Amino acid sequence: MPSLCVLGLGYIGLPTASIFATKGRRVLGVDVSASVVETINSGRIHIQEPDLDVLVRAAVQSGNLKAATQPAPADVFILAVPTPFHVSPDGARKPDLSFVEAAARSLAPFVAAGNLIILESTSPVGTTEKVKAWLEAELAKLGRKVDGLLYAHCPERILPGQMLKELVANDRICGGLTPAAAEQARGLYASFCTAQIFLTDARTAELAKLTENAFRDVNIAFANELSLICDKLGVDVWELIRLANRHPRVKILQPGPGVGGHCIAVDPWFIVDAAPAEARLLRTAREVNDSKPHHVVAQVRAAAGKDAVVACLGLAFKANVDDLRESPAVEIATHLADAGLKVLAVEPHVTALPKSLQGRAELVSLADALARASVVVLLVDHRAFAGLTFAQLQGKKLIDTRGSIRG
Ligand code: SAJ
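The rules behind each value
Residues numbered from 1 in each chain as written. Predicted model: local features only at pLDDT ≥ 70, side-chain atom pairs only at ≥ 80, totals over all residues. Heavy atoms only, no water. Helix = DSSP H or I, 4+ residues; strand = E, 2+ residues; numbered from the N terminus. Buried < 20%, exposed > 50% of the residue type's maximum accessible area, 1.4 Å probe, protein only. Contact = heavy atoms within 4.5 Å. Axes fitted to C-alpha atoms, helices over the stretch in contact; angles between N-to-C directions. Parallel < 35°, antiparallel > 145°, perpendicular 65-115°, else oblique. Left-handed = near helix turned anticlockwise from the far one by under 90°. Nonpolar A, V, L, I, M, F, W, Y, C, P; charged D, E, K, R; others polar. Pairing = 2+ DSSP bridges. Right-handed = clockwise from strand over helix to strand, strands pointing away. Core = buried A, V, L, I, M, F, W, Y, C linked by side-chain atoms within 4.5 Å. Phe/Tyr/Trp six-rings, centres within 6.5 Å; stacked < 30°, edge-to-face > 60°. Lys NZ or Arg CZ within 6 Å of the ring centre and 35° of its normal. Expected span 1.5 Å × (residues − 1). Bend = angle between axes of the 7 residues up to and from the residue. Near = heavy atom within 4 Å. Polar contact = N/O pair within 3.5 Å; in protein donor to acceptor, adjacent residues only side chain to side chain. Areas by Shrake-Rupley, 256 points an atom, 1.4 Å probe, with all protein chains shown as cover. Domains from an automatic or database assignment.

Q: What's the story with the overall build of the protein in this structure? I'm lost.
A: Within the protein, the secondary structure is distributed over 13 helices and 15 strands. If one aligns the C-alpha atoms of the protein with their principal axes, the spans along those axes are about 75 × 50 × 45 Å. Evaluated residue by residue, the protein yields a buried proportion of 51% over its 407 residues. Long-range contacts, defined as pairs at least 24 residues apart, comprise 70% of the intrachain contacts of the protein with a sequence gap of at least 6.

So, in structure tokens, the structure goes:
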């Protein structure tokens, strides 16, 4: 069975490396962080995802998964490194491919004829071609000539919170720079993916992944815009959506405090960057979703008196995960603290506040927050808040951004 080298041991690389290892392949996981490497080699994990600890432990104990800070020769190389954006001085969001470039170049001493190089990171159209160009440039510098390298883009589609289930059960797309590359990639993923694997070219695969997240972003923006319209017109947006969704061809998503995470709030910008004149709806959706936290802050400030104590229920970017990165809830709580309000944060999934709130808010239990706050802002619909009722919040001002508190 071919051996693998997976570069980037984060939310995508680690489950992917581990599942290949548990299917009997020899996998070297590579990460630039020595502490991540040490954690994984001891059979533990540095990120939270249901059952991932069990999978990684099994992979390490089988002897098939090892982690290191440097790549090594393998038959297949998978790049699963971050692809964030940076904001240029004129405000435009530009893809930051520096991690992909560094990973691609780092392979030059190790690749051999016929190796398959797979880009899994969500990437702008044309990135797989760039991976090839970067690696070839590095090979030329080393004076190496390596024949028959195959390149493919095989984007992941797994949902945080259900990653291990979706890793196996979701359909996949393998886009090759050549049909042979796509075919080889399909053979590889078929070793654990029980769903269908579709072959295409790399550019279509790149745009398909971006399109999926842009589709969701636009649909959430529709719901968020409706919530603003309803606030203005004095209509209950939750009731409105519930009723509109009784139409057989209407399926409106749920408004919230904004769109967080490192995928949906990022990926549409890669399309906007590549086709700014055409991607008008996508840009506006991003702007609508990015503006929602400011609307919530304004609502809270209008409801809160000068010395109000505000309980922020939830800090994670979505329900039932511990991930606070790119979280609109954190953004809102931070702005409230900036405004001089006393902020009590309730986040059952973490034991410490994020940097922007350290020393400026208190991390407290739900009971403590409810006892002390005059204003309650529900920011995340965690299961832990599911039992909350209006009766428990009597006498307090309530801003429920998720519509999850019922009678
Ligand atoms: N949200 C709403 N209202 C909704 C649904 C979501 O406000 O009705 C918010 C969430 O609270 C969160 C954000 O949107 O802040 C994104 O959450 P999500 O659950 O929609 O998506 P992610 O970011 O966890 O994962 C997405 C998924 N993409 C799609 O569903 C098209 C996942 O399949 C991808 O693999 C992942 O991005 C990724 O890695 O790209």
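Once the structure has been displayed, the description carries forward.
Q: How should the packing of helix 4 (residues 98–106) against helix 5 (residues 127–142) be read in this particular structure?
A: Relative to each other, helix 4 and helix 5 sit at 45 degrees, their axes nearing to 8 Å. On the basis of the axis angle, helix 4 is oblique to helix 5. In the crossing of helix 4 with helix 5, the sense of the turn from one axis to the other is right-handed. Contact residues: helix 4 offers V100, E101, A104 and R105, while helix 5 offers T127, V131, W134, L135, A137, E138 and K141. Considered class by class, the residues forming the contact of helix 4 with helix 5 number six nonpolar, one polar and four charged.

Q: What's the story with the sheet that holds strand 7 (residues 116–119) in this structure? I'm lost.
A: Hydrogen bonding along the main chain pairs the strands of a sheet, whether they run parallel or antiparallel. The mixed open sheet is built from eight strands, whose spatial order is 3-2-1-4-7-8-9-10. Edge positions in the sheet fall to strand 3 (65–68) and strand 10 (197–201), since each of these pairs with one other strand and no more. Sheet twist, expressed as the average angle between the axes of neighbouring strands with direction ignored, equals 25 degrees. Examined bridge by bridge, strand 9 (residues 172–176) and strand 10 share five bridges and lie parallel to one another. Along strand 10, the bridge assignment pairs R172 with I197. Helix 7 (residues 179–189) contacts strand 1 (4–7), strand 4 (76–79), strand 7, strand 8 (150–153), strand 9 and strand 10 of the sheet and is inclined by roughly 150 degrees relative to strand 9.

Q: Would you explain the pairing of strand 7 in this entry?
A: Looking down a regular strand, the side chains alternate between one sheet face and the other. Both faces of strand 7 are covered, namely the face carrying L116 and I118 and the face carrying I117 and L119. Summarising the sheet, strand 4 and strand 7 pair through four bridges and their orientation is parallel. What sits directly across from I78, in strand 7, is I118. Sheet analysis places strand 7 next to strand 8, joined by four bridges and oriented parallel. Paired with I118 across the two strands is A152, which belongs to strand 8. Each parallel crossover has a hand, and the one from strand 7 via helix 5 to strand 8 is right-handed.

Q: Would you mind going over the nonpolar core with me for this structure?
A: Side chains of a nonpolar character, in soluble globular proteins, are inclined to be buried together. Counting residues in hydrophobic clusters, the biggest one holds 43 residues, and the most contacted among them are I40, I78, I118 and Y189. Among all residues touching I118, those that are not within four sequence positions of it are V76, F77, I78, L79, A152, C154, A185, L188 and Y189. If you look at the next biggest cluster of nonpolar residues, it comprises 31 residues, including A308, V310, V375 and I399.

Q: Teacher, can you tell me more about the packing of aromatic side chains here?
A: Each aromatic ring pair is summarised here by two numbers: the centre-to-centre distance and the angle between the ring planes. With the rule as written, the count across this model stands at three aromatic pairs. Aromatic side chains F20 and Y189 sit 5.9 Å apart centroid to centroid with 50 degrees between the ring planes, which places their arrangement in the tilted category. Of the two residues, F20 is situated in helix 1 (residues 13–22) and Y189 in helix 7; the sequence distance between them amounts to 169 residues. The pair formed by F20 and Y189 is uniform in burial state, with each residue classed as buried. Arranged with centres 6.0 Å apart and planes meeting at 80 degrees, the rings of Y189 and F192 form a pair that is edge-to-face. Since its relative accessible area comes to 3%, F192 is described here as buried. An aromatic cluster is present here, built from F20, Y189 and F192 joined pairwise through their rings. If you follow R172 out to its NZ or CZ, it ends over the ring of Y189, 4.0 Å from the centre.

Q: Where do I start with helix 11 (residues 280–303) in this structure?
A: The α-helix winds at 3.6 residues per turn, so residues separated by three or four positions along the chain end up facing the same way. The end-to-end C-alpha distance of helix 11 is 35 Å, a good match for the 34 Å that 24 residues give at a rise of 1.5 Å each. Taken as a whole, helix 11 carries its principal kink of about 30 degrees at K292; the proline P293 stands between one and four residues after it. Every buried residue of helix 11 is accounted for by L282, A285, R286, V288, N289, K292, P293, V296, V297, V300 and A303. Contact partners of the buried residues in helix 11: helix 8 (202–233), helix 10 (267–274), strand 11 (309–313), helix 12 (328–338), strand 14 (375–378) and strand 15 (397–400).

Q: I would appreciate a short explanation of the site of the ligand in the present structure.
A: Taken together, 20 residues are adjacent to the ligand, and K209, N213, R216, Q254 and F317 come closest. A distance of 2.8 Å is found between an oxygen atom of the ligand and a backbone nitrogen or oxygen belonging to R157. Within the backbone of Q254, one N or O atom sits 2.7 Å away from a nitrogen atom of the ligand. For the ligand, the accessible surface in isolation is 770 Å², of which the surrounding protein chains cover 88%. The residues that make up the shell around the ligand include at least three from each of domain 1 (4–195) and domain 2 (235–400).

Q: What am I meant to see in the pairing of strand 1 here?
A: Burial along strand 1 is two-sided: L4 and V6 facing one way and C5 and L7 facing the other are all buried. Across four bridges, the pairing between strand 1 and strand 2 (residues 27–30) is parallel. If you follow V6 over to strand 2, its bridge partner there is G29. As a crossover connection, the stretch from strand 1 through helix 1 into strand 2 is right-handed.

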